[in-house]
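Reading the structure
What follows is each chain in one-letter form.
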2 protein chains.
Amino acid sequence: MLTITTFDWVPEMARGYVRDLRVRWACEEAGLDYRVDTVPSVSRTPGHLARQPFHQVPMLRDGDLSLFETGAILLHLAEKSDALMPESTRAEVTQWVISALNTVELWALPWLVARFFEKDEAAATKASVLMNERLRQMNAVLEGRDWLVADRFTAADIIMADVLRPVHDLGALADFPAAAAYVTRATARPAFGKAHADQLAHFEAAAPPASLAAS
Amino acid sequence: MLTITTFDWVPEMARGYVRDLRVRWACEEAGLDYRVDTVPSVSRTPGHLARQPFHQVPMLRDGDLSLFETGAILLHLAEKSDALMPESTRAEVTQWVISALNTVELWALPWLVARFFEKDEAAATKASVLMNERLRQMNAVLEGRDWLVADRFTAADIIMADVLRPVHDLGALADFPAAAAYVTRATARPAFGKAHADQLAHFEAAAPPASLAAS
């Protein structure tokens, strides 16, 4: 049995975007059984830090193995299932997982921070220049194919589509129709729908931390 | 025989920092034979784009496989050699490779761009807040160990040390002595010295592109 660890609670604007969604999605695609447990999001704990030196989520437990970093967790799960990584595609799946995280998200996240969290339009405009160059290149890739590896859905598409999803949701893929269509195609999959609904339900059922509820 | 593809020429300030160094370093650690070829850096070509949709380097050829993204290339090479990835540590090596690229470099690169390329001190100061939080956390990790995985040097250390190296070289690890000592320890390895010297020699031997030489 796998255990995915996420936060006990997050503010409403983060719901649907916490990265445990990527791990839930992968498990749903592969039919892997899992349960979900939590660490506190507001009063972060030494126990959390001992497993995750950056105090982030998600983490995965698989027997004795405790793993963090969504990309590494997905590549680990992919070893278990052809649904996530067809035979002999490990190098190519890894290539696109890392492209999503180090080439696309690297320039999308500073834009997201400026635009969404800091509401700093000048900084967002500046950040969008580097981001848009990557989006233009990804759009060109996706004009030629539905999925990134082996003409079929793989773990690489979970990460890439979920890196592009908040950009899409904020309207910034308007000039990149193949990338927008890719996000729509990926998130139409039943496994995404289940993972997304389960994450929303998890956070909706959570009580806000006492320190916030009192304020 | 492996072929590492890098640029034909880069300006002096980039020499010693082009990411083919990470791949050369890995090959030197593992004793893997390789040759180096090039793509033009100034007039980027359709042939380059066909192999690397983001027009970056390095790329690796290994038989019929053409691979990009330094992290993916290193994880691919690591499958060939215990020197890069001891048995049964794939998940943990992958975790730290991705931490370096998506958790540390993700916040270090915007700082590097502001500080080094744009000389924008206000933007650099702002970017340093998020970067320093990650550096503080990495420093805490490195207070407890010399290397990231299995108490010995692995491919994860190539990526993490090389992500931290330009930060160190610009003086920004002064408050993070364990991280600074880690960079010093990693770059003291003969395989790094060979890879670094070879990259410098490669670019020193290169003629600048005609379009630049004429200006």
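Predicted, not measured: the structure shown is a model, and the values here were computed from it. (Residues numbered from 1 in each chain as written. Chains lettered and ligands numbered in written order. Predicted model: local features only at pLDDT ≥ 70, side-chain atom pairs only at ≥ 80, totals over all residues. Heavy atoms only, no water.)

A closer look at the relation of the copies chain A and chain B
- When chain A is brought onto chain B, the operation consists of a screw motion whose angular component is 180 degrees and whose axial shift is 0.0 Å, with 0.0 Å RMSD remaining. Taken together, the turn and the small shift mark the pair as related by a two-fold rotation axis. Taking C-alpha positions as the reference, the residue of chain A nearest the rotation axis is L106(A), at 2.5 Å.
- In this assembly, 98% of the residues forming the interface of chain A have copies in chain B that are likewise at the interface, indicating an isologous arrangement. (Least-squares fit on C-alpha atoms with pLDDT ≥ 70 in both. Contact = heavy atoms within 4.5 Å.)

With respect to the interface of chain A and chain B
- Counting residues at the interface gives 40 residues for chain A, matched by 39 residues for chain B.
- Summing both sides of the interface, chain A and chain B together bury roughly 3200 Å²; the carbon and sulfur share of this comes to 64%.
- Viewed at the interface, chain B and chain A are joined by 4 salt bridges.
- For the salt bridge of R90(A) with E79(B), the shortest nitrogen-to-oxygen distance reads 3.0 Å.
- Our count for the chain A to chain B interface comes out at 18 residue pairs in polar contact (both at pLDDT 80 or more). (Buried area = accessible area lost by both parts, 1.4 Å probe. Salt bridge = Lys/Arg side-chain N within 4 Å of Asp/Glu carboxyl O. Polar contact = N/O pair within 3.5 Å; in protein donor to acceptor, adjacent residues only side chain to side chain.)

Comments concerning the packing of helix α5 (residues 121–143) of chain B against helix α7 (residues 177–187) of chain B
Residue and element names in this part refer to chain B.
- Two elements in contact, α5 and α7, have axes whose closest approach is 7 Å; the angle formed by their N-to-C orientations is 70 degrees. Between α5 and α7, the angle is such that the two are roughly perpendicular. For α5 against α7, the interelement crossing comes out left-handed. Each of N139, L142 and E143 in α5 lies in contact with α7, whose residues at this interface are P177, A178, A179 and Y182. (Axes fitted to C-alpha atoms, helices over the stretch in contact; angles between N-to-C directions. Helix = DSSP H or I, 4+ residues; strand = E, 2+ residues; numbered from the N terminus. Parallel < 35°, antiparallel > 145°, perpendicular 65-115°, else oblique. Left-handed = near helix turned anticlockwise from the far one by under 90°.)

Looking at the pairing of strand β2 (residues 34–39) of chain B
Residues and elements named next belong to chain B.
- Strand direction decides the pairing type here: strand β1 (residues 2–7) and β2, joined by 6 bridges, are parallel. For F7, the partnering residue across the bridge sits in β2 and is V39.
- The β-α-β motif built from β1, the intervening helix α1 (residues 20–30) and the parallel element β2 has right-handed crossover chirality. (Pairing = 2+ DSSP bridges. Right-handed = clockwise from strand over helix to strand, strands pointing away.)

A look at the side chain of T94(B)
- Note that T94(B) resides in helix α4 (residues 90–117).
- Classification of T94(B) as buried rests on a relative accessible area of 6%.
- The residues contacting T94(B), other than those within four sequence positions of it, are A72(A), L75(A) and L75(B). (Buried < 20%, exposed > 50% of the residue type's maximum accessible area, 1.4 Å probe, protein only.)

Description of the environment of G16(B)
Residues and elements named next belong to chain B.
- Assignment of secondary structure puts G16 in the loop between β1 and α1.
- The exposure class of G16 is buried, given its relative accessible area of 0%.
- Through-space distance from the C-alpha of G16 to that of F117 is 16 Å; in sequence the pair is 101 residues apart.
- Residues within four places of G16 in sequence aside, it is in contact with L21, R165, H196, Q199 and L200.

A short note on unusual backbone geometry
Residues and elements named next belong to chain A.
- Residue P58 is reached from V57 by a cis peptide bond, and omega for that bond is 0 degrees.
- Tracing the sequence through the fold places P58 in the loop between α2 (46–51) and β3 (59–62).
- A positive phi is found at H55, a non-glycine position, where the angle reads about 60 degrees.
- As for its position among the elements, H55 is in the loop between α2 and β3.

Some details on the sheet that holds strand β1 (residues 2–7) of chain A
Residue and element names in this part refer to chain A.
- With mixed pairing, the 4 strands of this open sheet are ordered in space as β2-β1-β3-β4. Where the open sheet ends on each side, the last strands, each with one partner, are β2 (34–39) and β4 (65–68). With direction set aside, neighbouring strand axes in the sheet form an average angle of 25 degrees.
- Strand contacts of helix α1 (residues 20–30): β1, β2 and β3, with the helix running at about 155 degrees to β1, the strand carrying the most contacts.

Re the sheet that holds β2(B)
All names here are of chain B.
- Here we have 4 strands laid out as an open sheet, ordered β2-β1-β3-β4, and mixed in their pairing. With partners counted over all chains shown, the strands left at the sheet margins are β2 and β4 (65–68), one partner each. The sheet shows a mean angle of 25 degrees between the axes of neighbouring strands, direction not considered.
- Pairing of strand β3 (residues 59–62) with β4, which is carried by 4 bridges, proceeds in the antiparallel orientation.

Points about the side chain of S99(A)
- Relative to the elements of secondary structure, S99(A) occurs in helix α4 (residues 90–117).
- Those residues within four positions of S99(A) in sequence are excluded, and the remaining contacts are V104(A), M160(A), F54(B), F68(B) and E69(B).

Brief notes about the domain arrangement of chain A
Residue and element names in this part refer to chain A.
- Each assigned domain of chain A is listed with its residue range as follows: domain 1 (2–82 + 192–209) and domain 2 (87–189).
- The C-alpha-based centres of domain 1 and domain 2 are spaced at 21 Å.
- Taken together, the 19 residues of domain 1 in the interface contact 23 residues of domain 2.
- Counting each side, the surface lost to burial between domain 1 and domain 2 is near 1800 Å², with a carbon and sulfur contribution of 58%.
- Inspection of the domain 1/domain 2 interface yields 6 salt bridges.
- Applying the counting criterion to the domain 1 and domain 2 interface returns 10 residue pairs in polar contact (both at pLDDT 80 or more).
- Looking at the side of domain 1 that touches domain 2 residue by residue, the class counts come to 9 nonpolar, 5 polar and 5 charged. (Domains from an automatic or database assignment. Nonpolar A, V, L, I, M, F, W, Y, C, P; charged D, E, K, R; others polar.)

Concerning α4(A)
- In a regular helix each residue adds 1.5 Å, so 28 residues correspond to 40 Å; α4(A) covers only 35 Å between its end C-alpha atoms and thus falls short of that length.
- Of all the bends found along α4(A), the most pronounced is centred on E105(A) and spans about 55 degrees. (Expected span 1.5 Å × (residues − 1). Bend = angle between axes of the 7 residues up to and from the residue.)

Some remarks on the packing of aromatic side chains
- Throughout the structure, instances matching the rule amount to 16 aromatic pairs over all chains.
- When the ring of F116(B) is compared with that of F117(B), the centres are 5.1 Å apart and the planes differ by 85 degrees; the resulting orientation is edge-to-face.
- Feature note: the residues W25(A), W147(A), F153(A), Y182(A) and F192(A) constitute an aromatic cluster, connected by ring pairs.
- Here the guanidinium or amino end of K119(A) rests over the ring plane of F116(A), the centre of that ring lying 5.0 Å away.
- R189(B) extends its terminal NZ or CZ atom over the ring of F153(B), reaching a point 3.7 Å from the ring centre. (Phe/Tyr/Trp six-rings, centres within 6.5 Å; stacked < 30°, edge-to-face > 60°. Lys NZ or Arg CZ within 6 Å of the ring centre and 35° of its normal.)

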